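An overview of the molecular structure
One letter stands for each residue in the lines below.
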Amino acid sequence: WAWMAFVAAISILGLLEYATMAFADRPGERLLTAIFGALVTLAGCFYPAEILVGVLAIVTIAGLTWVLFGRRDFEAGLRDLGLMLAGILYLGLLTPYFVRLHGVPEVGRHLVLFVIAVGMAGDTGGYFVGHRLGRHKLMPRVSPGKTVEGSIGIMLGSLAGAALAKVLWLPSYDWNTIVMLALVMGVLGQIGDLSESVMKRTFGTKESGSLFPGHGGVLDRIDSLLFPAVFLYYHSALAVRF
């Protein structure tokens, strides 16, 4: 319960950051995003998947009803609803996978630590390699500071973090599996990071928030962890089944 509450809190804080970026001068849209997103987050963290699907259906119906009756400029309202749903799905749907991952029999807690270790080691490797050797821009339109060399550093750091996690927490996993997981998660982590950069560039902000002075907000801290957590959960679920 404590872990579920912590994950839900992180998700809702990230959702508030997203709503503030997307609707900086529109408190009504920010409030709707926060309410809808909190409902999806709480359903994803505390209830079975059937409840989550039902909440998503209610949010979709309520959102379209708001566009129909609450907005005179319904074309712009539909675009705003799309922005709302993008943030709600990004955080409310993906963050609770840390709860599901934690619930994997026998190794759940260690899989959560695995995601964090791979993500942190990857970020560290990317930072040092990128700053020392970075020459070639990776995606300058999305994130001007990221380089191909830094991307390679992330992959190397991810491998190092995965190796350490295997030794400490997952000795039963073979090395081939660990390397495969590290490589896939390293790529997904970078896609997640760049996806959040797209949001910030679109909304004209440099950081998602200021909760961590000098390091941005919640979204800036978890953007490279969400996609890998989803992947690792389904990999583990399939491994258990087959």
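Structure: above.
A brief structural summary. (Residues numbered from 1 in each chain as written. Predicted model: local features only at pLDDT ≥ 70, side-chain atom pairs only at ≥ 80, totals over all residues. Heavy atoms only, no water.)

Time to look at the overall build of the protein chain. Tallying secondary structure elements over the protein chain gives ten helices and two strands in all. Ordered by position in the sequence, the α and β elements of the protein chain form the string α-α-α-α-α-α-β-β-α-α-α-α. Its C-alpha atoms give the protein chain a radius of gyration of 19 Å, near enough to 18 Å, the size a compact globule of 242 residues would have. Residues counted as buried form 46% of the 242 residues belonging to the protein chain. In the protein chain, once contacts between residues fewer than 6 apart in sequence are set aside, the share between residues at least 24 apart is 67%. Distance between charge centroids for the protein chain: 4 Å, based on 18 positive and 16 negative side chains. (Helix = DSSP H or I, 4+ residues; strand = E, 2+ residues; numbered from the N terminus. Rg over C-alpha atoms; globule rule 2.2 N^0.38 Å. Buried < 20%, exposed > 50% of the residue type's maximum accessible area, 1.4 Å probe, protein only. Contact = heavy atoms within 4.5 Å. Lys, Arg positive; Asp, Glu negative; His and termini not counted. Charge placed at Lys NZ, Arg CZ, Asp CG, Glu CD.)

Within the secondary structure layout, E196 lies in helix α8 (residues 175–203). In this structure E196 touches Y90, S208, L219, D220 and D223, once residues within four positions along its chain are discounted.

Time to look at unusual backbone geometry. It is generally the case that most residues other than glycine have a negative phi and that most peptide bonds are trans. Even without a glycine there, the phi angle at E106 is positive, about 75 degrees. Along the polypeptide, E106 turns up in the loop between α5 (97–102) and α6 (108–133). Of the residues examined, E106 reaches a relative accessible area of 80% and is grouped as exposed.

Turning our eyes to something else, we now look at the side chain of R71. Structurally, the position occupied by R71 is in the loop between α3 (49–70) and α4 (74–93). Reaching out from R71, the side chain makes a polar contact with the side chain of D80 at a distance of 2.8 Å. Excluding residues within four positions of it along the chain, R71 makes contact with R26, E29, W66, A76, G77 and D80. (Polar contact = N/O pair within 3.5 Å; in protein donor to acceptor, adjacent residues only side chain to side chain.)

Here we take up a nonpolar patch on the surface. A contiguous nonpolar patch, built from L138, M139, V148, I152 and L156 and spanning about 410 Å² of accessible area, is present on the exposed surface. Elements with a contribution of two residues or more to the nonpolar patch: β1 (137–139) and α7 (148–168). Tallying contributions element by element places α7 first for the nonpolar patch, with three residues. Turning to its location among the elements, L156 is positioned in helix α7. (Patch = residues over 30% accessible without salt bridge, like charges linked within 9 Å, V, L, I, M, F, W, Y side chains within 5 Å. Areas by Shrake-Rupley, 256 points an atom, 1.4 Å probe, with all protein chains shown as cover. Salt bridge = Lys/Arg side-chain N within 4 Å of Asp/Glu carboxyl O.)

A word on the nonpolar core. Counting residues in hydrophobic clusters, the biggest one holds 53 residues, and the most contacted among them are F98, L111, F114, V115 and L232. Looking at this core, the element that brings in the most residues is helix α1 (residues 2–22), giving seven residues. Contact partners of F114, with chain neighbours within four places excluded, come to A162, A165, L170, I178, L181, M185 and L232. (Core = buried A, V, L, I, M, F, W, Y, C linked by side-chain atoms within 4.5 Å.)

Right, let's talk about the environment of G153 for a bit. Assignment of secondary structure puts G153 in helix α7. Residues contacting G153, with those up to four places away along its chain left out, are G122, G125, G126 and V129.

The subject of this paragraph is the environment of T33. Within the secondary structure layout, T33 lies in helix α2 (residues 27–46). Within the structure, T33 has its side chain in polar contact with the backbone oxygen of E29 (distance 2.8 Å).

What follows is about the packing of aromatic side chains. Scanning the model with the defined rule gives seven aromatic pairs in all. With a centroid separation of 5.6 Å and 65 degrees between ring planes, the pair formed by Y97 and Y233 is classed as edge-to-face. Pair noted here: Y97 is in helix α5 and Y233 is in helix α10 (residues 226–241), with a separation of 136 residues, a long-range link. With a relative accessible area of 11%, Y97 lands in the buried category. Here the aromatic cluster, defined as three or more aromatic residues joined through ring pairs, consists of Y97, Y233 and Y234. (Phe/Tyr/Trp six-rings, centres within 6.5 Å; stacked < 30°, edge-to-face > 60°.)

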